[in-house]
There are 2 protein chains.
Amino acid sequence: MSQQVVPIALRDLQRPVAGELERVVDELRRVIAADFPIIADVNEHLVRMKGKLFRPTLLLLSSQAAGAQDARAVTLAAVVELIHLATLVHDDSVDHSVLRRGMPTLNALFSHQVAVIMGDYLYSRAIIELVRLDDREPLRVFARVTNEMTIGEMRQLEAHDKLAYSEEQYDQLIRAKTASLLSGACEVGALQGPAAYREALARFGMQLGMAFQIADDLLDYTEAEAVTGKPSGLDLREHKVTLPLIAALGAMPPADRRLVSELMAAPEPADALVAQVVRCVAVAGGLDYARRRALELAQQAEAELDILPPSPAREALRDSIAYAVERRS
Amino acid sequence: MSQQVVPIALRDLQRPVAGELERVVDELRRVIAADFPIIADVNEHLVRMKGKLFRPTLLLLSSQAAGAQDARAVTLAAVVELIHLATLVHDDSVDHSVLRRGMPTLNALFSHQVAVIMGDYLYSRAIIELVRLDDREPLRVFARVTNEMTIGEMRQLEAHDKLAYSEEQYDQLIRAKTASLLSGACEVGALQGPAAYREALARFGMQLGMAFQIADDLLDYTEAEAVTGKPSGLDLREHKVTLPLIAALGAMPPADRRLVSELMAAPEPADALVAQVVRCVAVAGGLDYARRRALELAQQAEAELDILPPSPAREALRDSIAYAVERRS
């Protein structure tokens, strides 16, 4: 068992930007507003299922910590959440997911078609809003990040030879799929600050994002459905290879490797087989390895913050690392 | 029977910009290039199935006719084709189409997932390229147009009460779905020209685009599969209500209206029923009405060109109207 730590509540690290975060939701509503009935319905659903605003939080904290004094920060924070939402909507459609944040996905509640079109709608609204700001830099960062995310999604589809999937490929995948947007959020927040702060925060976001995704992938092995809202072992069930399995494979006895092969070959693996592989991964040290790797990235992220002047926002960014690594859902 | 006209070949109207059009394909390749294997495969397929480059043609002709002298015209022409491609890829995925331009669609050849992700990939590449040009105007036009197209797609999904669908709703739909991008192509081509030319060409593109879509919807009633590459009556089969049917419904005897209701209620209407409704629409004057409306829009489009100085490009734009209205596939 890992030692007990006092979990960091998201609300604590949001304190320095609490007032702005409240305005982010109104700004999000404004940017996606439509007078077309079904789009308005879908938007209402999206605003209700809005998550923890982790990306807007990072953007606003980065802005404050870099002394960026950016009047557009609330709008940019709404845009980063909007891009995140557009991505989730298409991801759920691609994965045929039925639940997201404990609520039905758009493809489940409306239809697959509505989900594809709404993702495009949200993304094009984000671009319109960025064009209105009349500054090339946020557009440049977010356009690059969005493109990287699509490449990440494609990498995920293309992992054919499951047992040969390397840690390097996994790193590329989580950088593109998850970390690039967190890095973009931090970078865009700091755009009006000194270049050195901006670059450090972009690196901070990348390392934080990788740690965040590894923690997420670990949860799939460690937490019960009641906590995460997703069935345990779901990634394995869907033949998604993540760090715990990659790390474990090298240390597994041949019999256990055969179980993994069997699972990867089964179109719909039985619950018992999934549970067996989860145990094998733990026994072979896969979970410990992934935890160590997440902590290593967390330490790198933390070191990037040293360049910033002390401030409540910098401390909150530091706490966001603990939040990303230790969260339970 | 309508009188025989000498059909305008696309190649004829492309003559004033033939050299630039050749470079558009290379530019398209450059913009979508990826070093990731499956994306490269998909791109190869997309370049092979590239259409007639009608939107790049309009952009380049508009640029020349407006005397815009825009060194970026070839890049902008590639971008408008790229946005069109991204839209087609998502449309095919939404409609579960298996053929496009006589070739398999991405969702048929690869998978539904690949199609959704590739649409996002192509669109974000288009944005990256526009950001590189460092000019807000093309971005502003194309971001607005892309958003309008998503609203058009949603309108199409949402046409619930088929027999009450009005011509006004149809006009809104084809403006958003088709005409907005043609209008955007003409406007962006003329961006560096005088404001009056730019505005006239934006209106020209909108009217041309509406005429183009009406002609397309007419083909579904008039042409055999061998010519268009799509089964005849496909729109009816899919319960899509277009102008010929809208115009015919008001003039139909009750027995024929009942046939239409029957077709709209049938999940998979029989061939005989589809053929019967096609005949009823013709008898009630639906095809003639749609042809008159397309010609009216064509005349309005033609009048917009009067403000431009005489040039081979202006004449080619005039010919593009005939091409849009008279094409057979």
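Quantities reported herein were computed from a predicted structural model and do not represent experimental measurements.

Caption draft 1: Spatial organisation of the overall build of chain A. Tallying secondary structure elements over chain A gives 17 helices and two strands in all. Residues classed as buried in chain A amount to 51% of the 329 residues present. The long-range share in chain A, meaning contacts at least 24 apart out of those at least 6 apart in sequence, stands at 75%.

Caption draft 2: Fine view of the environment of Leu21(B). Residue and element names in this part refer to chain B. Structurally, leucine 21 can be placed in helix α2 (residues 18-32). Taking the number of C-beta atoms within 10 Å as the measure of exposure, leucine 21 has 17 and is therefore partly exposed. Separated by 183 residues in the primary sequence, leucine 21 and phenylalanine 204 place their C-alpha atoms 21 Å from one another. Setting aside residues up to four positions removed in sequence, leucine 21 forms contacts with Gln14, Leu53, Pro56, Thr57 and Leu60.

Caption draft 3: The arrangement of the interface of chain B and chain A in detail. Taken together, the contact between chain B and chain A spans 31 residues of the former and 31 residues of the latter. Secondary structure elements with two or more residues in the side of chain B that touches chain A: α3 (37-48), α5 (73-95), α7 (112-133) and α8 (136-157) of chain B. Considering every element that reaches the side of chain B that touches chain A, the biggest residue donor is α8(B), with 12 residues. Across the side of chain B that touches chain A, the residue classes tally to 16 nonpolar, seven polar and eight charged.

Caption draft 4: Representation of the relation of the copies chain B and chain A. Mapping chain B onto chain A leaves a residual RMSD of 0.0 Å; the transformation is a rotation of 180° accompanied by 0.0 Å of translation along its axis. On the angle and the small slide along the axis, the relation comes out as a two-fold axis. The position closest to the rotation axis in chain B is occupied by the C-alpha of Val116(B), lying 3.6 Å away.

Caption draft 5: Representation of α3(B) within the structure. With 12 residues, α3(B) ought to run about 16 Å at 1.5 Å a step, and its terminal C-alpha atoms sit 17 Å apart, in line with that. Every buried residue of α3(B) is listed here: Ile39(B), Val42(B), Asn43(B) and Leu46(B). For α3(B), the buried positions fall inside an angular range of 105° around the axis, keeping them on one side. Among the exposed residues of α3(B), those oriented more than 90 degrees off its buried face are Pro37(B), Glu44(B) and Arg48(B). Check the buried side of α3(B) and you find it contacts α8 (136-157) of chain A together with α2, α5, α6 (106-109) and α7 of chain B.

Caption draft 6: Examining the packing of helix α4 (residues 54-65) of chain B against helix α17 (residues 312-326) of chain B more closely. Residues and elements named next belong to chain B. Running from N to C, α4 and α17 point in directions that differ by 140°, and their axes come no closer than 8 Å. Considering the angle they form, α4 stands oblique to α17. Judged by the twist between their axes, the crossing of α4 over α17 is left-handed. Residues Leu58, Leu61, Gln64 and Ala65 of α4 pack against Ala313, Arg314, Ala316, Leu317 and Ser320 of α17. Its residues placed into classes, the contact of α4 with α17 shows six nonpolar, two polar and one charged.

Caption draft 7: Structural detail: the packing of helix α5 (residues 73-95) of chain A against α7(B). Closest axis-to-axis distance for the α5(A)/α7(B) pair is 9 Å, and the angle between their directions is 160°. The angle between α5(A) and α7(B) places the two elements in the roughly antiparallel class. When you trace α5(A) past α7(B), the crossing you get is left-handed. Here His90(A), Ser93(A) and Val94(A) of α5(A) lie close against α7(B), whose contacting residues are Gln113(B), Val116(B), Ile117(B) and Asp120(B). Grouping the amino acids of the contact of α5(A) with α7(B) by side-chain chemistry returns three nonpolar, three polar and one charged.

Caption draft 8: Molecular detail of the environment of Glu153(B). Looking at where Glu153(B) falls in the secondary structure, it is placed in helix α8. Taking the number of C-beta atoms within 10 Å as the measure of exposure, Glu153(B) has 25 and is therefore buried. Expressed as a C-alpha distance, the spacing of Glu153(B) and Leu60(B), which sit 93 residues apart in the sequence, is 27 Å. Every residue in contact with Glu153(B), bar those within four places of it in the chain, is listed here: Ile117(A), Val94(B) and Lys177(B).

Thresholds applied
Residues numbered from 1 in each chain as written. Chains lettered and ligands numbered in written order. Predicted model: local features only at pLDDT ≥ 70, side-chain atom pairs only at ≥ 80, totals over all residues. Helix = DSSP H or I, 4+ residues; strand = E, 2+ residues; numbered from the N terminus. Buried ≥ 20, exposed ≤ 12 C-beta atoms within 10 Å, placed from the backbone. Contact = placed C-beta atoms within 7 Å. Nonpolar A, V, L, I, M, F, W, Y, C, P; charged D, E, K, R; others polar. Least-squares fit on C-alpha atoms with pLDDT ≥ 70 in both. Expected span 1.5 Å × (residues − 1). Arc of directions from axis to C-beta. Axes fitted to C-alpha atoms, helices over the stretch in contact; angles between N-to-C directions. Parallel < 35°, antiparallel > 145°, perpendicular 65-115°, else oblique. Left-handed = near helix turned anticlockwise from the far one by under 90°.

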